[in-house]
Protein chains: 2
Amino acid sequence: MPTRRECANAIRTLSIDAIEQARSGHPGAPLGMADMAEALWRHGFKHNPADPMWVDRDRFVLSNGHASMLLYAVLHLTGYDLPLKEVKNFRQLGSATPGHPERGQTPGIEMSTGPLGQGIASAVGLALAEALLASRFNKPGHIIVDHHTYAFCGDGCLMEGVSHEACSLAGTWGLGKLIVLYDANSISIDGNIEPWFSEDVGKRFQAYHWQVIGPIDGHDFHALDEALQSAREERAKPSLIICKTHIGYASPKEDQAASHGAPLGAEAITQTKASLGCKDEPFAVPENVYLAWDSRKEGKAAQDAWQSAFSAYQKVYPELAEEFARRMRGDLPKNWPEIARKILKAATAGQKATATRVLSRIVLETLVKDLPEMIGGSADLSSSVGTQVACSVPFDPASCTGNYIFYGVREFAMGAIMNGLAAHGGFFPYGGTFLAFSDQAKNAIRLAAMMGLREVWLFSHDSIGVGEDGPTHQPIEQLASLRLTPNLNVWRPCDGTETAIAWQSAVEAHKPSCLVLSRQNLPQLEHPASQIADIRKGAYVIKDCPGEPELIFIATGSEVDLALKAAEILVLRNHRVRVVSMPCAEVFAEQDAAWRESVLPGHIGLRVAIEAGAPDYWYKYAGSKGLVLGIKSFGLSAPGVRLYDYFGLTAEKIADKALDLLSNAQAGQ
Amino acid sequence: MPTRRECANAIRTLSIDAIEQARSGHPGAPLGMADMAEALWRHGFKHNPADPMWVDRDRFVLSNGHASMLLYAVLHLTGYDLPLKEVKNFRQLGSATPGHPERGQTPGIEMSTGPLGQGIASAVGLALAEALLASRFNKPGHIIVDHHTYAFCGDGCLMEGVSHEACSLAGTWGLGKLIVLYDANSISIDGNIEPWFSEDVGKRFQAYHWQVIGPIDGHDFHALDEALQSAREERAKPSLIICKTHIGYASPKEDQAASHGAPLGAEAITQTKASLGCKDEPFAVPENVYLAWDSRKEGKAAQDAWQSAFSAYQKVYPELAEEFARRMRGDLPKNWPEIARKILKAATAGQKATATRVLSRIVLETLVKDLPEMIGGSADLSSSVGTQVACSVPFDPASCTGNYIFYGVREFAMGAIMNGLAAHGGFFPYGGTFLAFSDQAKNAIRLAAMMGLREVWLFSHDSIGVGEDGPTHQPIEQLASLRLTPNLNVWRPCDGTETAIAWQSAVEAHKPSCLVLSRQNLPQLEHPASQIADIRKGAYVIKDCPGEPELIFIATGSEVDLALKAAEILVLRNHRVRVVSMPCAEVFAEQDAAWRESVLPGHIGLRVAIEAGAPDYWYKYAGSKGLVLGIKSFGLSAPGVRLYDYFGLTAEKIADKALDLLSNAQAGQ
């Protein structure tokens, strides 16, 4: 049997060799954390390399994602489908070993990490998911959900605000099965952290009601074992294990920031391996070390045992078992088409003008009842955004029950935790705040899009329509910023019908969706039955004219009604006008050319795009001959109706601009 | 003399009356914090209502900005140029009393606040500015900089991650003249905070090395006085005074979230005033209360005393005095044109291909030496971004000297602190991180733009050119998102010349600027002397053809060289091609129509815009007949050169697309 250090050293040598071969990467952290990884992954980490998707596996998040090679080495050594060829292909196009861990690219990677702090925040979401599923599905004598969530994080992670936000919540929630190993090496990229990170981290986490263990020597296996045992024994509080380590351990750059982000170089690698007592040969792992790491047999046994337990559970609780399996697969319930019809009916039942934030809440009344996988919440704006509904049950840490999370004023943590909930499986998270504050959560939304996680962001107060709260609360550039984010659907519905369709699309999507909702009331528009299917295509003709249109209005959300009214004015002047509602530009762009041409015929160049936000995005559809009516400056504090007038967004003013466009075009012909 | 409670009650009644009149606003916090405001503003707060810009005034930030009416009431009562008419005009178009405090709209408002947590973070910047100026300019027997920075904040502010980031730094820096009064009313919008904010705030701030005072009764004037005195006496640590208060004090909605964000209503106002012992008449303030609040005489005396001290200082240290005055006015030194020439020369001296992040560093070597008001820093990426230069002196908390801040991995706090430094006066801050992480700082950049603060963001690693670090580190939507933010200049230079001009523009601007910089090397391009002035116009013809162009390439940054090479290929095929470099679209949009037409003639519709980022922004310039070559998905982990090829951004592939466009256009004619 090799020693534990020898096992850890296999992580070290694979990491520095792969980084050297790639001529790019971060050797310091894998060298420093290898002993922590050995202590965790070879002693009690529950997983089956043959089935990385086994639902009751322990979850692991590498919050300091730049240490990716450490994790790839572990996955390779324990027997995941990650052959040495892939390790040698580190950071190359199409390899399974990208520069930072990417969910979906590598078996065994739970979360895409890299932006510091977000990993630990998402780990809070993973642990919350476990606690909720356990309380929902476990029965006396039948435990089918029982796993830990582990995270490694570094100093940088704990500097980032999102780590504070999320860890404060984890402590408040008492997530006892969350265990964070903090790689306290006192070095960040700019050097020794003393001048910028002097806080007492242990005291801070105690203030958040965590169990704080250590500081321990992160290279002392015995201390690591003891710490992990204490952490696993504590079920009422999350645990932080402070591990003092040496970045760049055993290399000539040990304890230096220089070891962080560049290959060591051949000479230093030779020295490091000599110091570790390893053979100076690239990618060499002794056979007995491979054997010691191989977790396949143990993993299969663990999953088999779980499978037996689940089979027994199925016999006693067949319906619960089926529901659990459905939720973990991420399938919708069989009656989903019926639910979809119900939400459409509910959202269009009222006759009075209604804010789309309220219509979204009406939709949620049905959805939350019929989709138990939904878990909602808000960053302290529950009733303003309309996220909390009649059958929302606030999360209760004592019983670990509930389907609604009060995140407090923490937009970024809300996003990262939603990502953890979605990534765990079994949940379909939604969360709400004002559109202006999407800024704070933006990078979590970006990661959700990158990972293709199904979740819904409800962004209300979506324009100057916010009114008196003024420019800090009035989004301008946010709508376009979200639209430009890849793999994200941004819906801005104009009424109840579009709100219901937007929600339907978001539930069915395999990616995150944003619903951008008005604070102010909007009229329910008329939609012939045939239009319902068209709305799902992202843009459609909501009002047409006899014959060929001279001019096309394009609008979204609260501005669709303005466009319709402006069109009426033009019709009175004997113009032929089409109005296009485009609730989701991304979905429209995915339609076939025939549909896109049918909505926006290429030869009709006179187009007026209208949206109460930054205009530049809309030139894509308004074209060279067209006009975009938007808002180029920040907003102002005043009643919303006054602001719409001030910024030229009234039916009359829009019609005037359109008439100018028409007469200029005629003059130009 | 009225009692102190009577003085505080004037804030309360003005606030609830103004909110009622506006039919919009947040009465709960002004009712709750009025006693704190009395204790601070009537007892030792150094200011002169007649001169809100007096340089040695105490600074005050209302981090919970929704309590704006409290601050307007204080400014009105103490004698600022904010007459009752403006108070009555609360939240109306064009009033000096917008819904949230806005710097520049109201005398006495230091910072725009509203997004929670950012105010306290900016207060850290204000306090840092004071400490730095004091150590730089004060002389024995001649103290010309000596003021406090105070902030009010609420529970919500302390939930937000940015408050953690900034307060950790403030403790590390030992900013003894920063005093935060925490309005601990235990209520946020969603109700009693216990389920989402249970952390031990005092312990947390002790972990950050703050002096923590309290909890005290925030309605007990004696306790407030004592706490403020202790805070003022502590010069080695910032102080947090935890004030237990009652939101909605004395109203029927006291201690209820319902008092937070909606007018009380006429009946409740009557009850509240009865409970306070105030007359039930709108906007009534007893004359003796006005007299008790009036700070004009005391304020004038304070400023006169300071003016005498400054006059004495001027006599002994005339050059220092002039320098201090120049910096506080925000003027550039007289030799600025010469400095500007120097940076252009330095940035274009090299012949080898160089990354623009390195060229920016070369510019900084000169700028930091010649502009003592510059204060740089980075969120732990000093050498990667190139923010730290030879004459950068790391900030030393013991002596309060230095011109370089290690912010740690805290992009958002960096932004908010830069805003505080810029708002204080005397400083021109710059800060750096990777463009992908601009997300984390976005809302602070937005507030800088809203306030028109002069500061520079250096965003390096600006595209897939980042390479192996992969999609989490490769910006896609960030460039356009920043461009769409109002009042923000976004420069993406292509070489040394453009980098120097971008810096020059940023120094001269009265707003924030972003410099978006490459990680990878870029060739120095040829610029005839006449082009230098053109670059300053944001876009210009970098390469033209004889006769009228058939096609125009538009590119920025690293893609300009690609466009030039693609153009060469087209020229070999006998096409007439123009290449436009557009380093700053915002500045170009501000030019007169003649310039814009001369660069991009309206009748030349065949245009190809090239940028290694989200394409949609560029339809504005590519037009209906044009083409945009960008990146619609997230990036990948691989060497940057491979990625440029993979995403079709090579000279050959661009030329092919352009040739297709040309032949299609010919076929279509």
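Only a predicted model underlies this, so the values are computations on that prediction, with no experimental measurement involved.

J.: Would you mind going over the overall build of chain A with me for this structure?
T.: If you tally the helices and strands in chain A, you get 27 helices and 20 strands. Against the 2.2 N^0.38 benchmark of 26 Å for 669 residues, chain A shows a C-alpha radius of gyration of 28 Å, consistent with a compact globule. Overall, chain A is about 90 × 60 × 45 Å in size when its C-alpha atoms are taken along their principal axes. A total of 669 residues make up chain A; the buried ones form 67% of that total. Of the roughly 21,500 Å² of accessible surface on chain A, a fraction of 51% belongs to carbon and sulfur atoms. Measuring between centres, the 62 positive side-chain charges of chain A sit 4 Å from its 75 negative side-chain charges.

J.: Help me out: how do you make sense of the side chain of His473(A) in this one?
T.: Residue placement: His473(A) occurs in the loop between β12 (456-460) and α19 (478-483). With a relative accessible area of 6%, His473(A) lands in the buried category. When neighbours within four sequence positions are excluded, His473(A) is seen to be in contact with Phe434(A), Ala436(A), Phe437(A), His461(A), Val466(A), His100(B) and Gly114(B).

J.: Explain unusual backbone geometry to me, please; I cannot follow it from the model alone.
T.: Negative phi values dominate among residues other than glycine, just as trans dominates among peptide bonds. In this structure, the amide linkage connecting Gly214(A) to the following residue, Pro215(A), adopts the cis form with an omega of 5°. You can see Pro215(A) is positioned in strand β6 (residues 211-217). The backbone of His461(A) shows a phi angle near 55°, a positive value even though the residue is not glycine. Inspection of the secondary structure assignment puts His461(A) in the loop between β12 and α19. For Arg91(B), which is not glycine, the phi torsion reads 70° and is therefore positive. When you line up the elements, Arg91(B) lands in the loop between α4 (84-88) and α5 (118-137). For Arg91(B), a relative accessible area of 1% gives the class buried.

J.: Explanation requested: the nonpolar core in the structure shown.
T.: In a soluble, globular protein the nonpolar side chains are often hidden away together inside. Grouped together as the largest cluster of nonpolar side chains are 356 residues, with contacts concentrated most on Trp503(A), Phe553(A), Trp503(B) and Phe553(B). Those residues within four positions of Phe553(B) in sequence are excluded, and the remaining contacts are Ala563(B), Ala566(B), Ala567(B), Leu570(B), Val577(B), Arg578(B), Val579(B), Val580(B), Val608(B), Ile610(B), Ile654(B) and Ala658(B).

J.: Just checking my understanding: could you explain the environment of Asp331(B) for this structure?
T.: Residue and element names in this part refer to chain B. When you line up the elements, Asp331 lands in the loop between α13 (318-329) and α14 (336-347). On the basis of relative accessible area, Asp331 is assigned to the partly exposed category, the value being 33%. Separated by 177 residues in sequence, Asp331 and Glu508 have C-alpha atoms that sit 9.4 Å apart. Those residues in contact with Asp331 that lie beyond four places of it in its chain are Arg326 and Glu373. Side chain to side chain, Asp331 and Arg329 meet in a polar contact 2.7 Å long.

J.: Looking at this structure, how should I read the relation of the copies chain A and chain B?
T.: To go from the first copy of the chain to the second, apply a rotation about an axis and then a shift along the same axis. Screw-axis analysis of chain A against chain B gives a translation of 0.0 Å along the axis, an RMSD of 0.0 Å, and a rotation angle of 180°. Expressed as a symmetry operation, the mapping of one chain copy onto the other fits a two-fold axis. Taking the C-alpha atom as reference, chain A places Gly161(A) closest to the rotation axis, 1.8 Å from it. A shared interface surface links the copies, since 100% of the contact residues of chain A are contact residues in chain B too.

J.: It is not clear to me how the sheet that holds strand β2 (residues 149-154) of chain B should be interpreted in this structure. Could you clarify?
T.: The strands making up a sheet associate through hydrogen bonds between their backbones, and the pairing can be parallel or antiparallel. Residues and elements named next belong to chain B. Spatially, five strands are ordered β1-β2-β3-β7-β6 in an open sheet, and the strand pairing comes out parallel. One side of each edge strand has no neighbouring strand; the edge strands of this open sheet are β1 (59-62) and β6 (211-217). With strand direction ignored, the average angle separating the axes of adjacent strands in the sheet is 15°. Of the strand pairs in this sheet, strand β3 (residues 178-184) and strand β7 (residues 239-244) are connected by six bridges, and their pairing is parallel. Paired with Tyr182 across the two strands is Ile242, which belongs to β7. This element, α5, spans β1, β2 and β3 of the sheet and lies at about 170° to β2.

J.: Can you help me understand the sheet that holds strand β9 (residues 374-378) of chain B in this one?
T.: Residue and element names in this part refer to chain B. As summarised here, the arrangement of the six strands in space is β10-β9-β11-β12-β14-β13, forming an open sheet in which the pairing is parallel. Here the strands that pair on one side only, and so sit at the sheet edges, are β10 (404-406) and β13 (489-491). The mean angle between the axes of side-by-side strands here comes to 20°, regardless of whether they run parallel or antiparallel. Both β9 and strand β11 (residues 428-434) contribute to a ladder of three bridges, which runs parallel. Along β11, the bridge assignment pairs Ser378 with Gly432.

J.: Even after reading the chapter, I still don't get the interface of chain A and chain B, so can you show me in this structure?
T.: A common measure of how large an interface is: the accessible area buried when the components associate. At the interface, 96 residues of chain A touch 96 residues of chain B. Overall, the association of chain A and chain B removes approximately 7,700 Å² of surface from exposure, summing both partners, and the carbon and sulfur fraction of that is 56%. The salt bridge involving Lys442(B) is made with Glu477(A); its shortest N-O contact spans 2.6 Å. Joining chain A to chain B, the criterion identifies 45 residue pairs in polar contact (both at pLDDT 80 or more). A breakdown of the residues in the side of chain A that touches chain B according to their chemical character gives 39 nonpolar, 34 polar and 23 charged.

J.: I would appreciate a short explanation of the packing of helix α22 (residues 558-572) of chain A against helix α27 (residues 651-668) of chain A in the present structure.
T.: Each pair of packed helices can be summarised by the angle the axes make with each other and by the distance between the axes. Residues and elements named next belong to chain A. One way to put it is that α22 packs onto α27 with a least axis distance of 8 Å and a crossing angle of 55°. Judged by the inter-axis angle, α22 sits oblique to α27. For the element pair α22 and α27, the recorded crossing hand is right-handed. In this structure, α22 contributes Leu562, Lys565, Ala566, Ile569 and Leu570 to the contact, and α27 contributes Ala651, Glu652, Ile654, Ala655, Ala658, Leu659 and Leu662. Looking at side-chain class alone, the contact of α22 with α27 contains 10 nonpolar, no polar and two charged residues.

J.: Mind showing me how you'd approach the packing of helix α7 (residues 161-173) of chain A against helix α17 (residues 411-424) of chain A here?
T.: All names here are of chain A. The contact between α7 and α17 brings their axes to 8 Å, and the two run at 70°. For the element pair α7 / α17, the angle class is roughly perpendicular. The hand of the α7/α17 crossing is right-handed. On α17, the residues that touch Val162, Glu165, Ala166, Leu169 and Trp173 of α7 are Glu411, Phe412, Ala413, Ala416 and Ile417.

J.: I keep staring at the pairing of β11(B) and nothing clicks. Help me out?
T.: Consecutive side chains along a regular strand alternate between the two faces of the sheet. Residue and element names in this part refer to chain B. With seven of seven residues buried, β11 lies mostly within the body of the structure. Direction of pairing for β11 relative to strand β12 (residues 456-460): parallel, over a ladder of five bridges. For Tyr430, the partnering residue across the bridge sits in β12 and is Val456.

J.: How do you make sense of the packing of aromatic side chains when you look at a structure like this?
T.: For any pair of aromatic rings, geometry is given as the distance between the ring centres together with the angle between the planes. Residues and elements named next belong to chain B. Per the counting criterion, the structure on display carries 48 aromatic pairs over all chains. Aromatic pair Trp41 and Phe45: ring centres 4.1 Å apart, planes at 35°, arrangement tilted. Judged by relative accessible area, which is 4%, Trp41 ranks as buried. For Phe45, a relative accessible area of 7% puts it in the buried group.

J.: Honestly, the side chain of Arg59(A) in this entry has me stumped. Any pointers?
T.: Residue and element names in this part refer to chain A. Turning to its location among the elements, Arg59 is positioned in strand β1 (residues 59-62). Its relative accessible area of 0% is what places Arg59 among the buried residues. Residue contacts for Arg59: discarding those within four places in its chain leaves Phe45, Trp54, Glu110, Leu126, His147, His148, Thr149, Tyr150, Met328 and His424.

J.: Looking at this model, I keep getting lost on the environment of Ala134(A). Mind explaining?
T.: Among the structural elements, Ala134(A) can be located in helix α5 (residues 118-137). Ala134(A) sits 13 residues away from His147(A) along the chain, and the two C-alpha atoms are 9.2 Å apart.

Calculation criteria
- Residues numbered from 1 in each chain as written.
- Chains lettered and ligands numbered in written order.
- Predicted model: local features only at pLDDT ≥ 70, side-chain atom pairs only at ≥ 80, totals over all residues.
- Heavy atoms only, no water.
- Helix = DSSP H or I, 4+ residues; strand = E, 2+ residues; numbered from the N terminus.
- Rg over C-alpha atoms; globule rule 2.2 N^0.38 Å.
- Buried < 20%, exposed > 50% of the residue type's maximum accessible area, 1.4 Å probe, protein only.
- Areas by Shrake-Rupley, 256 points an atom, 1.4 Å probe, with all protein chains shown as cover.
- Lys, Arg positive; Asp, Glu negative; His and termini not counted.
- Charge placed at Lys NZ, Arg CZ, Asp CG, Glu CD.
- Contact = heavy atoms within 4.5 Å.
- Core = buried A, V, L, I, M, F, W, Y, C linked by side-chain atoms within 4.5 Å.
- Polar contact = N/O pair within 3.5 Å; in protein donor to acceptor, adjacent residues only side chain to side chain.
- Least-squares fit on C-alpha atoms with pLDDT ≥ 70 in both.
- Pairing = 2+ DSSP bridges.
- Axes fitted to C-alpha atoms, helices over the stretch in contact; angles between N-to-C directions.
- Buried area = accessible area lost by both parts, 1.4 Å probe.
- Salt bridge = Lys/Arg side-chain N within 4 Å of Asp/Glu carboxyl O.
- Nonpolar A, V, L, I, M, F, W, Y, C, P; charged D, E, K, R; others polar.
- Parallel < 35°, antiparallel > 145°, perpendicular 65-115°, else oblique.
- Left-handed = near helix turned anticlockwise from the far one by under 90°.
- Phe/Tyr/Trp six-rings, centres within 6.5 Å; stacked < 30°, edge-to-face > 60°.

The quantities given are spatial measurements derived from coordinates; they are silent on function.
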